[in-house]
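The primary structure of each chain is shown beneath.
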Amino acid sequence: MQLLDRRNFMALTGGTALVAGMPRSARAAPSETSVFTADDAGALVDSTLIVGETKAVLIDAQFDVANASRLAEMIAETGRTLETIFITHSHPDHVLGLAVLIDRFPAAKPLTHKLIRPEIEQTAAQTLAFLSGQAPAGTFDDRVVIPEALTADHILLEGERIEILEPMHGDTALISAVHIPALNTLIASDFAYAGTHVWVAENTTPELLAKWRDSLALLEAIGAAVVVPGHRGDGVLNNAGVFGQTRAYLDQWETALASSKSAHDLRSAMLAGNAAPGLSFALERAVAAVYPG
């Protein structure tokens, strides 16, 4: 069953389409994967629902109440029991919606990699307090849910392994990508962006950018037919092309860093060819990280 709601719930291409066309008796669980994409206010975050015969696993929890609530409705429409919510990294746009989802699905177990849990525990409450002070009342839930530490290297969905990869450097220091061999699918999370500006505020040196490119190379070498970026603009397909789009942005950023003499120079260099993409706040935060004030 593929769930579609305008652009917000996008059926995956490639391996998923092939699996969805197989007789139910011939499928290995999980049987389908679908992606919910937030609106602009929710930072265009992708959450991926992995659907089995009767149960489901969710990867990433959204940012604000509105998008997390829409995601919860769409999960409920599958009729599956949500067993697990896995959080790929500590950024609030992937974490703060967890409280909404746990309210709706109290039996679901929130998990993250054991190396990432301390980061969420240390930063989530403070970040929520700050964001809540900047946004209209009700934009965010009033509490943080801290996921438990996953000690294994996989999650099981109806006997099928969902591989949790060791954290690597992407738009932040530690991110766990998720590989679903049965569906030939890689959930790249914030290693990859497509059709948006990229959160590069934590990557302002050639050394850090090189580490990010190394991570992209390792993920691309998996060879998954379906690749889900962490954030997407309109019309983005879930395939390996997201790696090239991310590399191109990182290359442009590194060149701009080396040549700019002011915040205006840096912003102008990054808008060249990127004037339309979403996440404009990511560009502003990146410029501010280099030229504060």
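Parameters and conventions
- Residues numbered from 1 in each chain as written.
- Predicted model: local features only at pLDDT ≥ 70, side-chain atom pairs only at ≥ 80, totals over all residues.
- Heavy atoms only, no water.
- Helix = DSSP H or I, 4+ residues; strand = E, 2+ residues; numbered from the N terminus.
- Rg over C-alpha atoms; globule rule 2.2 N^0.38 Å.
- Buried < 20%, exposed > 50% of the residue type's maximum accessible area, 1.4 Å probe, protein only.
- Contact = heavy atoms within 4.5 Å.
- Areas by Shrake-Rupley, 256 points an atom, 1.4 Å probe, with all protein chains shown as cover.
- Lys, Arg positive; Asp, Glu negative; His and termini not counted.
- Charge placed at Lys NZ, Arg CZ, Asp CG, Glu CD.
- Pairing = 2+ DSSP bridges.
- Axes fitted to C-alpha atoms, helices over the stretch in contact; angles between N-to-C directions.
- Left-handed = near helix turned anticlockwise from the far one by under 90°.
- Nonpolar A, V, L, I, M, F, W, Y, C, P; charged D, E, K, R; others polar.
- pLDDT = per-residue confidence, 0-100.
- Salt bridge = Lys/Arg side-chain N within 4 Å of Asp/Glu carboxyl O.
- Core = buried A, V, L, I, M, F, W, Y, C linked by side-chain atoms within 4.5 Å.
- 1 Å grid on protein atoms, 1.4 Å probe; cavity = no way out; pocket = protein on both sides within 12 Å on 5 of 7 lines; lining within 4 Å.
- Points joined across faces, edges and corners; volume = space filled by probe spheres on them.

Student: Provide a residue-level description of the overall build of the protein chain, including the pertinent values.
Tutor: In terms of regular secondary structure, the protein chain is built from nine helices and 12 strands. Relative to a compact globule of 293 residues, whose C-alpha radius of gyration would be 19 Å, the protein chain shows 18 Å and is just as compact. Reported as C-alpha extents along the three principal axes, the dimensions of the protein chain are approximately 60 × 40 × 35 Å. Taking all 293 residues of the protein chain together, 52% fall into the buried category. Partitioning the contacts of the protein chain with sequence separation of at least 6, the portion at a separation of at least 24 is 69%. Entry remark: accessible area of the protein chain is about 11800 Å², with carbon and sulfur atoms responsible for 57%. With 20 positive and 34 negative side-chain charges, the protein chain shows a spacing of 2 Å between the two charge centroids.

Student: Quick rundown of the sheet that holds strand 9 (residues 160-164)? Include the residues and the values.
Tutor: The five strands lie next to each other as 8-9-10-11-12, forming an open sheet whose pairing is mixed. On the outer flanks of this sheet lie strand 8 (154-157) and strand 12 (226-232), each paired with one strand and no other. Averaged over all neighbouring strand pairs, the angle between strand axes comes to 30 degrees, with direction disregarded. In terms of strand pairing, strand 10 (residues 178-180) meets strand 11 (residues 185-194) through three bridges, oriented antiparallel. Within strand 11, the position partnered with Ile180 by the bridge is Thr185.

Student: Give a description of the packing of helix 7 (residues 241-259) against helix 9 (residues 280-290) that names residues and reports values.
Tutor: In the contact formed by helix 7 and helix 9, the axes pass within 12 Å of each other and the chain directions differ by 35 degrees. Seen from above, helix 7 lies across helix 9 with right-handed handedness. Residues Tyr249, Trp253 and Leu257 of helix 7 lie in contact with helix 9, whose contacting residues are Leu283, Ala286, Val287 and Val290. Considering only residue class, the contact of helix 7 with helix 9 consists of seven nonpolar, no polar and no charged.

Student: Before we move on, could you go through the confidence of the model for the protein chain and cite the residues and values that matter?
Tutor: For the protein chain, the mean per-residue pLDDT works out to 91, and 90% of the residues sit at or above 70. Every residue in residues 1-28 is under pLDDT 50, and counting partners more than four places away or in other chains gives 65 contacts.

Student: Outline the environment of Ala210, listing residues and values.
Tutor: Checked against the element boundaries, Ala210 lands in helix 6 (residues 206-220). Sequence spacing of Ala210 and Ile162 is 48 residues, and the spatial spacing of their C-alpha atoms is 28 Å.

Student: Please set out the pattern of salt bridges residue by residue, giving values where relevant.
Tutor: By the definition in use, this model includes 14 salt bridges. Across the salt bridge formed by Arg70 and Asp39, the nearest N and O atoms sit 3.2 Å from each other. Placement of the pair is Arg70 in helix 2 (residues 65-77) and Asp39 in the loop between strand 2 (32-37) and strand 3 (46-51), with a sequence separation of 31 residues. On the accessibility criterion, Arg70 (33% relative accessible area) is partly exposed. Among the residues examined, Asp39 registers a relative accessible area of 24% and is labelled partly exposed. Glu121 is the salt-bridge partner of Arg117, the closest N and O atoms lying 3.0 Å from each other. Of this pair, Arg117 and Glu121 both sit in helix 5 (residues 117-134), four residues apart, which is roughly one turn of that helix. One salt-bridge network, held together by shared partners, links Asp103, Asp141 and Arg143.

Student: Explain the nonpolar core residue by residue, including any values.
Tutor: Formed by 42 residues in total, the largest nonpolar core has its most connected members in Leu186, Phe191, Val200, Trp212, Leu219, Val227 and Trp253. When contributions to this core are tallied by element, the ones reaching two or more residues are helix 5, strand 11, helix 6, helix 7, helix 8 (263-271) and helix 9. For this core, the element with the most residues is helix 7, which contributes seven residues. The contact partners of Leu186, leaving out residues within four places of it in the chain, are Leu165, Ala177, Val178, His179, Leu219, Ile222, Ala224, Val226, Val227, Val228 and Phe243. Counting 24 residues, the second largest nonpolar core, distinct from the first, contains Ala72, Ala99, Phe105 and Ile116.

Student: Account for the side chain of Thr48, naming residues and giving values.
Tutor: Residue position: Thr48 is located in strand 3. Overall, Thr48 belongs to the buried group, its relative accessible area being 1%. Not counting residues within four places of it along the chain, the set of residues in contact with Thr48 comprises Thr33, Ser34, Val35, Val57, Leu58, Ile59, Ile187 and Val228.

Student: Run through the layout of surface pockets, naming residues and quoting values.
Tutor: A volume near 690 Å³ is recorded for the largest pocket. Lining the largest pocket are 28 residues, and of these Pro92, Leu131, Trp199, Phe281 and Arg285 lie nearest its centre. For the lining of the largest pocket, the elements supplying multiple residues, two or more each, are helix 3 (92-95), helix 5 and helix 9. Here the lining of the largest pocket takes six residues from helix 5, the largest share from any one element. Its residues assigned to classes, the lining of the largest pocket comprises 13 nonpolar, nine polar and six charged.

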